[in-house]
Each structure stands twice: as C-alpha cells, then as structure tokens.
Amino acid sequence: MDGYMTISQVSQRYQISPRMLRHYEKLGLIESTRKADYAYRVYDQEAVKRVRQIIVLRRLQLPLKKIQRILEGDRVEAIRILEEHQRDFDGNVETVLTMREALVRLLRLLRADAWDPGDAISSSEAEELVRLLPKEKHQLKEGKPMKANKEMIEKDACVRILLLPPSDVAAYQYIGEEPEEHVGAVMDAFVRDSGLYEKKPDSRYYGFNHPDPEEGSKVYGYESWVTIPEDMEVPEPLVRKHFPGGLYAAYTINFPDFFEWRFLYQWAERNEQYEAAMTPREEKNMGGALEEHLNWVYCAHAGWPENGVDGKLDLLLPIRRRNAGKEDNSY
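A quick note: this is a predicted structure, and the numbers were derived from the prediction, not measured. (Residues numbered from 1 in each chain as written. Predicted model: local features only at pLDDT ≥ 70, side-chain atom pairs only at ≥ 80, totals over all residues. Heavy atoms only, no water.)

Caption draft 1: Geometry of the overall build of the protein. Scanning the protein from N- to C-terminus turns up 12 helices and 12 strands. Within the protein, the proportion of its 331 residues that are buried is 47%. Put simply, 73% of the contacts in the protein that link residues at least 6 apart link residues at least 24 apart. Here the protein has roughly 17400 Å² of accessible surface; of this, 48% comes from carbon and sulfur atoms. (Helix = DSSP H or I, 4+ residues; strand = E, 2+ residues; numbered from the N terminus. Buried < 20%, exposed > 50% of the residue type's maximum accessible area, 1.4 Å probe, protein only. Contact = heavy atoms within 4.5 Å. Areas by Shrake-Rupley, 256 points an atom, 1.4 Å probe, with all protein chains shown as cover.)

Caption draft 2: Spatial organisation of the pattern of salt bridges. On inspection of all chains with the given rule, the structure shows 18 salt bridges. Here Arg58 and Asp257 are joined by a salt bridge, their closest N and O atoms 2.8 Å apart. With Arg58 in helix α3 (residues 45-59) and Asp257 in the loop between β9 (246-254) and α11 (260-270), this pair connects stretches of sequence that are 199 residues apart. Its relative accessible area of 1% is what places Arg58 among the buried residues. (Salt bridge = Lys/Arg side-chain N within 4 Å of Asp/Glu carboxyl O.)

Caption draft 3: Just the environment of Leu109, in detail. Relative to the elements of secondary structure, Leu109 occurs in helix α6 (residues 93-110). A residue is classified by how much of its surface remains accessible, and Leu109, at 27% relative accessible area, is partly exposed. Residues Leu109 and Ile79 lie 30 residues apart in sequence; the distance between their C-alpha atoms is 9.8 Å.

Caption draft 4: Structural context of the sheet that holds strand β2 (residues 33-34). Read from one edge to the other, the open sheet built from three strands follows the order β1-β3-β2, with strand pairing classed as antiparallel. In the strand order of this sheet, the two ends are held by β1 (5-6) and β2, each with one partner. Relative to strand β3 (residues 41-43), β2 is paired through two bridges, and the arrangement is antiparallel. Its bridge partner being in β3, Thr33 is matched across the sheet by Val42. (Pairing = 2+ DSSP bridges.)

Caption draft 5: Molecular detail of the nonpolar core. Judged by nonpolar contacts, the single largest core of 65 residues is most densely connected at Leu57, Leu60, Leu82, Leu264 and Trp267. The leading source of residues in this core is α3, at seven residues. With sequence-adjacent residues up to four places away left out, Leu264 is seen in contact with Val159, Ala249, Tyr251, Leu315 and Leu317. Membership of the second largest hydrophobic core comes to 17 residues, among which are Val183, Tyr222, Ile228 and Ala300. (Core = buried A, V, L, I, M, F, W, Y, C linked by side-chain atoms within 4.5 Å.)

Caption draft 6: Here's a closer look at helix α1 (residues 7-14). Taken together, the buried positions of α1 are occupied by Val10, Ser11 and Tyr14. Taken around the axis of α1, the buried residues stretch over an arc of 100°, which confines them to a single face. Gln15, located one to two residues past α1, shows a positive phi value of around 55°. (Arc of directions from axis to C-beta.)

Caption draft 7: Main features of the environment of Ile70. Mapped onto the secondary structure, Ile70 falls in helix α4 (residues 64-72). Residue classification places Ile70 among the buried positions, given a relative accessible area of 6%. Note: C-alpha distance between Ile70 and Arg80 (10 residues apart in sequence) is 9.4 Å.

Caption draft 8: Summary view of the side chain of Arg50. Tracing the chain through its elements places Arg50 in helix α3. The side chain of Arg50 sits in the buried core without any salt bridge; Glu72 is the nearest counter-charge, 4.8 Å away. When residues no more than four places from it in sequence are discounted, the contact partners of Arg50 are Leu29, Ile30 and Leu71. (Lys, Arg positive; Asp, Glu negative; His and termini not counted.)

Caption draft 9: How the structure looks around the packing of aromatic side chains. This structure, assessed with the given rule, holds nine aromatic pairs. Seen from their ring centres, Phe255 and Phe258 are 5.8 Å apart, and the 90° between their planes marks the pair as edge-to-face. According to the relative accessible area criterion, Phe258 is buried, its value standing at 1%. By the ring-pair criterion, three or more aromatic residues cluster together here, those being Tyr206, Phe208, Trp225, Phe243 and Tyr248. (Phe/Tyr/Trp six-rings, centres within 6.5 Å; stacked < 30°, edge-to-face > 60°.)

Caption draft 10: Representation of the pairing of strand β7 (residues 220-227) in the model. Within β7, eight of the eight residues are buried, which leaves it mostly tucked inside the rest of the structure. Here β7 shows a buried face lined by Tyr220, Tyr222, Ser224 and Val226 and a second buried face lined by Gly221, Glu223, Trp225 and Thr227. For strand β5 (residues 167-176) and β7, the ladder comprises eight bridges, and the chain directions are antiparallel. What sits directly across from Val169, in β7, is Thr227.

Caption draft 11: How the structure looks around the confidence of the model for the protein. Looking at the protein as a whole, the pLDDT averages 82, with 78% of positions reaching at least 70. Here helix α7 (residues 123-132) stands out as the element of the protein with the lowest mean pLDDT, 64, in contrast to strand β8 (residues 239-243), whose mean of 97 is the highest. Every residue in residues 137-146 is under pLDDT 50, and counting partners more than four places away or in other chains gives 32 contacts. (pLDDT = per-residue confidence, 0-100.)

Caption draft 12: Looking closely at the environment of Tyr24. Examined against the element boundaries, Tyr24 turns out to sit in helix α2 (residues 18-26). For the pair Tyr24 and Val51, spaced 27 residues apart in the sequence, the C-alpha separation amounts to 8.7 Å.

Caption draft 13: Fine view of the packing of α1 against α2. Between α1 and α2, whose axes approach to 9 Å, the crossing angle comes to 115°. Relative to α2, the element α1 lies roughly perpendicular. The handedness of the crossing between α1 and α2 is right-handed. Touching Ile7, Val10 and Ser11 of α1 are Pro18, Leu21 and Arg22, all from α2. A per-class count over the contact of α1 with α2 returns four nonpolar, one polar and one charged. (Axes fitted to C-alpha atoms, helices over the stretch in contact; angles between N-to-C directions. Parallel < 35°, antiparallel > 145°, perpendicular 65-115°, else oblique. Left-handed = near helix turned anticlockwise from the far one by under 90°. Nonpolar A, V, L, I, M, F, W, Y, C, P; charged D, E, K, R; others polar.)

Have a look at this one:
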C-alpha cells in the first residue's frame, strides 16, 4: 500500500490512540479512505500530514475548535489564535518554556511570506515538534499553583460541587496498550446484553487510569465502573464492587480535552473552601479522581446513534473542606 498507512500504523508512529484518530475523523479534521481489495480503511499522505499537524497543536493545549479554525482558515486567523494562546499560557516553568519554543517556531512559519494551511507545519518540522512536545496524559500531576488570570477565574465559575451517592458497580480493569478501547468494548457489550439502561435509566459510567501511565511506556491500565441495581448479576470478566461515593469537584470537558485535569487540580489549590482529597500515590489510580462519560450508558444501549449526544465528560476530583479531618468528606 504505497503512500498509505493503516490506523494502527499511524497510532504507533505518533503515539496517539485509534480512539482519538476515529474521534478526529468524526469531527471532520481528517479523512480516511478505503483501498480496493483491502478490508480496512487507511490514511493517505495528506491525511497523515494533517494528523501530525493536529498532534502538534493538541500538545500545545489548543482546543479542537481552534485547531480546526487554524487548519481551515487563513494565515491572519492562525497567527491571531497562536499569539493569543502564547499570551495566555501559564503553568509549570519547564513545560511553559517548551511550549513557548514550539509556539515561536510555528509563528515564525506562519509569518513567512509563503504560507498554506497544509504546509505551515511541514513534515520535518512537525516530526521534530511531535518529539519535542509532551504527550497528553490522562493522569493528574501535582505542580505549583498557577497565578489566576481572567480566563481561569471565568472557568472557576464552571466548577460544580457534587455529592456522589454510594452505589453498586460492575467493574472491569484491563492492563495493556490502549486499555480504554478494550475496557469500553467489554462494558458496551455488558450494557447491551444485560439491558442495563432499561433496568436502570439513571446508570452512570466512570473511568480512571489504573495503574497510571509511566513515562515512555505504552502499557498502562484503565478501569471502568457502571452503576447497577443491587440485585443485578455481574458476569465475568466483570466484578461487582461498591463505590462509597463522596464529595467531588466536577468540571465538564469536550472529549478529548484531558489536559483540563491540570486546571481542576489548580482550582483546588486556589479554592478557599475546598482542597483535593487524593488517595496515596502508591495506589496509582489517578489519586481517586474519576472521569464520568456523560450519557455513555444511553448511547451504548442505543447502539451509538449518529445523531446521539455529543461526547462530553465530567472530570471529578475528590475534595474535602479545608481544615476538616481526613475522614470528613461532607458539605
């Protein structure tokens, strides 16, 4: 297949999950094609180039809507978006320096006389930037509190305080490459085969890294829980567990904006009423934080309809009142 790459080859080369590639394709950011006499959809060189561009811009923590405007818009719009991002960017000093270096390179390319959205991030430049920039992580990392700016203050108002109720859950954990894909497929089959949505329309779906990814390793774990009726049988390989519930700070994101975990942790650092109530690091489970996939159970039950609910998640950070005892997790 000269000039073509499979989704698996693109995933391995650029360290991006097939799930993410399919999401980009659904949004219209990239296109795949089907070769005659070949069972799988593949990407041509133009699509692979676009993947590199998206990865660079995502690792600069740009939202997908802005990335789409950069790639499909004109030079002036792209420069304006990147300059705005450069001004607003803040965080860990080492990360900021790396990000700023990458932003300077991109702006230098965009300010050149000859410019085309598809060629502004050339193949060689994109490959270098992909190596330079840190990968997106689904795990929570501690860091120094960020100085609050106007954007962060506005985002603070979107954080909700939730008291999640105790519940029985069907749980499944998988350790390997792309564990979210594997876990999601098993849970999807359980929801459909058990008729869970019909028995419990308010069922909720949580997920978290377990164990957390380690630097340089493709292998890590992911565990998902789906809340179930007390009398429901749980078939293997799923197991029944009890979720004790508790107090959480919730912040809604569009998939796949997982870099917002850092904002939520910094919110807890700045908040005068609440602080993070993380589990010990050695448990390697995102510190007890959860990702709730909103409307997931309904969409699985309905066979993932084309006109279904947009992919949104709640990032859920366990919290407690400041100066409260460690066992006090109440309002």
